[in-house]
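Structural characterization, general
Below, each chain spelled out in residue letters.
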Amino acid sequence: MAPISVGDVIPDGTLSYFDENDDQQKVSIHSLAVGKKVILFGVPGAFTPTCSLKHVPGFIEKAEELKSKGVDEILLISVNDPFVMKAWAKTYPDNKHVKFLADGSATYTHALGLELDLSEKGLGTRSRRFALLVDDLKVKVANIESGGEFTVSSAEDILKAL
């Protein structure tokens, strides 16, 4: 399947997260994105160095600036279970705007065409690193990394597009 690209409508899918009361919730991506400007960004794995030290902190640090430019939601997706995503989210106590969404079986990642086979490294199917700017379900910017790179999918890259 070809990766999602500019002009495409994002597929719907159900992902999990833990809310502020520590209750597990399931949410439809379309319910979070319809009629809104959202950033959907994906990382290969929770607690991994580039994801934890660069990619996620960039969106947390730039969240207010992104919101001031009209972004309604900042959604992080990773192929991890919701309990891992909850534990990972708690390592960012200053986070107020990035929602950590679990795609435990990579179903949504496959629907986006952004899966990455890391079986050789013992990690199974993961997500490619990416950042999408979506306006009312339509992809306006699709910054998708090659391999393990981190060159086009940062918060700064999305800010340049706003």
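Look a little higher up for the structure.
So, a few notes on the structure that sits alongside this text. Source: prediction; values computed, not measured.

1. What to know about the layout of surface pockets
Computed from the structure, the largest pocket encloses a volume of approximately 470 Å³. Lining the largest pocket are 18 residues; nearest its centre among them are F18, D19, A89, N95 and V98. Going through the elements one at a time, β1 (14–18), α4 (82–89) and β5 (98–102) are the ones with two or more residues in the lining of the largest pocket. Here the lining of the largest pocket takes 4 residues from α4, the largest share from any one element.

2. Regarding the pattern of salt bridges
Overall, the coordinates contain 5 salt bridges when judged by the stated rule. Across the pair K90 and D22 runs a salt bridge whose closest N-O atoms are separated by 3.5 Å. Of this pair, K90 sits in the loop between α4 and β5 while D22 sits in the loop between β1 and β2 (24–28), and the two are 68 residues apart along the sequence. The exposed category is assigned to K90, whose relative accessible area is 54%.

3. Side note on the nonpolar core
The biggest cluster of nonpolar side chains holds 25 residues, and the ones touching the most others in it are I39, F41, F59, L66, I74, L76 and W88. When contributions to this core are tallied by element, the ones reaching two or more residues are β3 (37–43), α2 (49–61), α3 (63–68), β4 (73–78), α4, β5, β8 (130–135) and α6 (155–161). Here the element with the most residues in this core is α2; it accounts for 4 residues. Sequence-distant contacts of F41, that is, excluding residues within four places in its chain, are made with H55, V56, F59, I74, L75, L76, I77, V98, F130 and A131. In terms of nonpolar packing, the next biggest core, distinct from the first, is built from 21 residues, L15, V38, L75 and L112 among them.

4. A look at the packing of aromatic side chains
The tally for this structure, following the rule as stated, stands at 6 aromatic pairs. Between W88 and F100 the ring centres are 5.5 Å apart and the planes differ by 90°, which places this aromatic pair in the edge-to-face class. In this pair, W88 sits in helix α4 while F100 sits in strand β5, placing the two residues 12 residues apart along the sequence. Of the two residues, W88 and F100, both sit in the buried class. Ring pairs connect the aromatic residues F47, W88, Y92 and F100, which therefore count as one cluster. Looking at K86, its charged tip hangs above the ring of F18, at a distance of 4.5 Å from the centre.

Calculation rules
- Residues numbered from 1 in each chain as written.
- Predicted model: local features only at pLDDT ≥ 70, side-chain atom pairs only at ≥ 80, totals over all residues.
- Heavy atoms only, no water.
- 1 Å grid on protein atoms, 1.4 Å probe; cavity = no way out; pocket = protein on both sides within 12 Å on 5 of 7 lines; lining within 4 Å.
- Points joined across faces, edges and corners; volume = space filled by probe spheres on them.
- Helix = DSSP H or I, 4+ residues; strand = E, 2+ residues; numbered from the N terminus.
- Salt bridge = Lys/Arg side-chain N within 4 Å of Asp/Glu carboxyl O.
- Buried < 20%, exposed > 50% of the residue type's maximum accessible area, 1.4 Å probe, protein only.
- Core = buried A, V, L, I, M, F, W, Y, C linked by side-chain atoms within 4.5 Å.
- Contact = heavy atoms within 4.5 Å.
- Phe/Tyr/Trp six-rings, centres within 6.5 Å; stacked < 30°, edge-to-face > 60°.
- Lys NZ or Arg CZ within 6 Å of the ring centre and 35° of its normal.

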